[in-house]
Each structure stands twice: as structure tokens, then as C-alpha cells.
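# Notes for the structure review
Residues per chain are reported as follows:
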Amino acid sequence: MERRDFLRTGVGLGLLTGVGPVFGGLDSLMANTTNAKTDLAAVRGGEPDEMFDKAIEALGGMNKFVSKGQSVLVKPNIGWDAPPERAANTNPKLVGHIVKRCFEAGASEVNVFDKTCNKWDRCYSNSQIQKYVKEAGGKMVPGNTESYYKEANVPKGKSLKDTKVHDLVNTSDVFINVPVLKHHASTKLSLGMKNLMGVIWDRKFYHSNDLHQCIADFVTYRKPDLTIIDGYNMMTKNGPRGVSTADVVNLKALIASTDIVATDAAATKMFGMEPDEVGHIKIAHEMGLGNKNLSELNIHRIKI
């Protein structure tokens, strides 16, 4: 069965309406008490901006992450010269709304960038992320020139020992990671940890030196303060670039957590997979970088 068909049949819909551990009916995975600390928020059924607001409220509010005068880096996936409906990049309305909420929380500046795979200015423009970021008062920063990247040691890395990292990763007070949930030919899925490949200069090193280990290794260098997985539209095959809207399902979902491993693990469930099927999720869990075991987390499940 094609994954697109899987998600549209009763089997796939079960992941959203009563089977899966994120949107499923297992009470042990739901945070319904006011005293419980929410480890992860999973929202479905709304537009990108309202789902983000519900999720961030469940996690303690935007002021928990952004304080007055702080600089913020928002890192979406803007890798491809593709329109929003193809779901190759993060939803532009979501990115713009996050920038807006950062300023409302008191941010002094909000920068947005990605090291794109296609021509950077076309990716920024045709994804519509540039439009929404500028409307919200944020700044689009190029990532296409090596001079933007600085040498960085990754002492806890096993395969990735050093790399060049975009300077904003080092200089920003707050780092918000906003990947899109989609199929990926090399890693099966592109999620939070995979999205961080867009802040380093030499991606080829990853592909020739144990891709999954390198992806996990980078999290030891700088873990995002918040990871928001955009599942509003989900590319089910032919990722990471996609071919057409025929590859896309309108899932209307969003996952948010300070634990990047947990967000990735939860997103695999929405895709109809298990976390251990994605190599870097299992590796990152074993390295102590987060928790892939959703049954151990307090998950706040929200339906709009």
C-alpha cells in the first residue's frame, strides 16, 4: 500500500484518531493534570499559527523560552526551490508566526536562515518564508557563503569531531528549530535532528562518514532550546525535494518539545514508523541526548 493511501485509509487515520501514542487513546501518554510538567505537546486539527499557540501554551508559554532583549535564531527547512503546497520546506505561515511571537515575548532581533540545497534566494522567495518573516519583522540571513561559518569542535562526537557552523548558531541567545515532517531518501525521514544539517557548511562529510552518527553527534554541540515539527502538510514519498502535491497529505499536525529526540520519535509515529527505524533517533537516545521512549514522557495531546 502506498504511504499516501495508508494515511488516508482507516489504518493511517488511526494514527491521528485513536491508535498512535501521540494522538492515540493511551491515557498514560496524556498530560491532563494541571500539576504535570508537559514534556511534549502534540496538536492536530488546526492552522499552523493556532496549533503553535496551543503547543507553546502547553509547554509554559513563549516567555519561558524568549526573554526581553534576547536574540533569537529560527531555523526552518528552506532547502528547496518549491512552493509551500509541495511541503518540501517548513510552512511559511508557521515560521512567520513564530517570529511574531518571539518579538511579542521581547526579543531584540529574530534571524532566520538555512543553508539551502537549491539557489538560496529562490528558496527563500518561492517557499514564501521570506515574505512571512519580513512581515513579522524578522530578518532573513543568507547561508550560502562559507565566510558565514566558523570552525567548531564537537568533542563529544563519535564521527563528527569538528565542522564549520553558521555564526548565528553560536551568537544567538535562543535557538528554535522548525523542521517539516517529510520522507527522506537517505534517512527515511527528515525531522528535527536532520534539519540541523542546514546550519553546517560541509554536508558531504556527513554522507561519507556515517550519516546517522554525524546527525546525532551535532546535537552534542548545540541542542536547540525548542524544536517545533511542522506536520501541517506532510510529504509521504520522493523526499526530501518531492515531485508534486500528489506526494503530500494535509495532516494538520504539530509537535513541540525541548527534547529534540522526543519530537523526532513522536513524528515517526505520525508517519507510521517506529523511532528505532530511523538510525539517528536510536543513536541520539543511546548517547543520552533525549528520550525516544514516548511511554516515559508526559505528552499533552490537543485537538482543535
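Residues numbered from 1 in each chain as written. Predicted model: local features only at pLDDT ≥ 70, side-chain atom pairs only at ≥ 80, totals over all residues. Heavy atoms only, no water.

One can find Q70 in the loop between α3 (48-58) and β2 (71-76). You can call Q70 partly exposed: its relative accessible area is 22%. Ignoring sequence-local partners within four residues, the contact set of Q70 consists of F65, G106, A107, S108, E109, D173 and V174. For Q70, the side chain forms a polar contact with the main-chain nitrogen of S67, separated by 2.8 Å. (Helix = DSSP H or I, 4+ residues; strand = E, 2+ residues; numbered from the N terminus. Buried < 20%, exposed > 50% of the residue type's maximum accessible area, 1.4 Å probe, protein only. Contact = heavy atoms within 4.5 Å. Polar contact = N/O pair within 3.5 Å; in protein donor to acceptor, adjacent residues only side chain to side chain.)

Attention now goes to the pairing of strand β3 (residues 109-112). The sheet contact formed by β2 and β3 spans 4 bridges and is parallel. If you follow S71 over to β3, its bridge partner there is E109. In this view, the connection linking β2 to its parallel neighbour β3 by way of helix α4 (residues 92-104) has right-handed handedness. (Pairing = 2+ DSSP bridges. Right-handed = clockwise from strand over helix to strand, strands pointing away.)

Attention now goes to empty space enclosed by the protein. Scanning the model with the defined rule gives 2 cavities of 30 Å³ or more in all. As a volume, the largest cavity reaches approximately 40 Å³. As for the largest cavity, its lining consists of P84, A87, N89, T90, N91, V180, D230 and N233. Across the lining of the largest cavity, the residue classes tally to 3 nonpolar, 4 polar and 1 charged. Looking at the second largest cavity, its volume works out to about 30 Å³. Along the walls of the second largest cavity sit A82, P83, P84, A87, A88, N89, T90, N91, P92 and S127, which together make up its complete lining. Looking at the lining of the second largest cavity, its residues break down into 6 nonpolar, 4 polar and no charged. (1 Å grid on protein atoms, 1.4 Å probe; cavity = no way out; pocket = protein on both sides within 12 Å on 5 of 7 lines; lining within 4 Å. Points joined across faces, edges and corners; volume = space filled by probe spheres on them. Nonpolar A, V, L, I, M, F, W, Y, C, P; charged D, E, K, R; others polar.)

Looking now at the pairing of strand β10 (residues 226-235). Judged by how many residues are buried, β10 sits mostly within the fold: 10 of 10 residues are covered. Bridge count for strand β7 (residues 174-178) against β10 is 2 bridges, and the pairing is parallel. Within the sheet, the bridge partner assigned to I176 lies in β10 and is L226. Of the pairings in the sheet, the one linking strand β8 (residues 180-184) to β10 comprises 2 bridges and is parallel in character. Following the sheet pairing, K182 is matched in β10 by M235. Across 8 bridges, the pairing between β10 and strand β11 (residues 248-257) is antiparallel. Looking at β11, one finds that D230 is bridged to L254.

Our focus in this paragraph is helix α11 (residues 260-270). By the criterion of burial, α11 is predominantly enclosed, with 11 of the 11 residues buried. Here α11 has its buried residues at I260, V261, A262, T263, D264, A265, A266, A267, T268, K269 and M270. Looking at where α11 begins, the residue whose side-chain oxygen comes 2.9 Å from the main-chain nitrogen of V261 is D259. Following α11 by one or two positions, G272 adopts a phi angle in the positive range, close to 85 degrees.

Positionally, K182 belongs in strand β8. A polar side-chain atom of K182 sits 2.6 Å from the main-chain carbonyl oxygen of A88. Look past the residues within four positions of K182 in its chain and what remains in contact with it is N77, W80, A87, A88, K188, L189, S190, M235 and P240.

The computed volume of the largest pocket comes to approximately 200 Å³. N77, W80, C117, K194 and R203 are, among the 17 residues lining the largest pocket, the residues nearest its centre. Split by residue class, the lining of the largest pocket holds 4 nonpolar, 7 polar and 6 charged.

This paragraph deals with the confidence of the model for the protein chain. Confidence along the protein chain averages 91 in pLDDT terms, with 88% of residues attaining 70 or more. Confidence drops under a pLDDT of 50 for residues 8-34, and excluding neighbours within four residues, the segment shows 56 contacts in the predicted structure. (pLDDT = per-residue confidence, 0-100.)

So, about the packing of aromatic side chains. The final tally for this structure, using the stated rule, is 3 aromatic pairs. Here the aromatic rings of Y149 and W201 are separated by 5.2 Å at their centres, their planes lie at 55 degrees, and the arrangement is tilted. Of this pair, Y149 sits in strand β5 (residues 149-153) while W201 sits in the loop between α8 (192-195) and α9 (203-208), and the two are 52 residues apart along the sequence. In this structure Y149 comes out as buried when scored by relative accessible area, which is 4%. (Phe/Tyr/Trp six-rings, centres within 6.5 Å; stacked < 30°, edge-to-face > 60°.)

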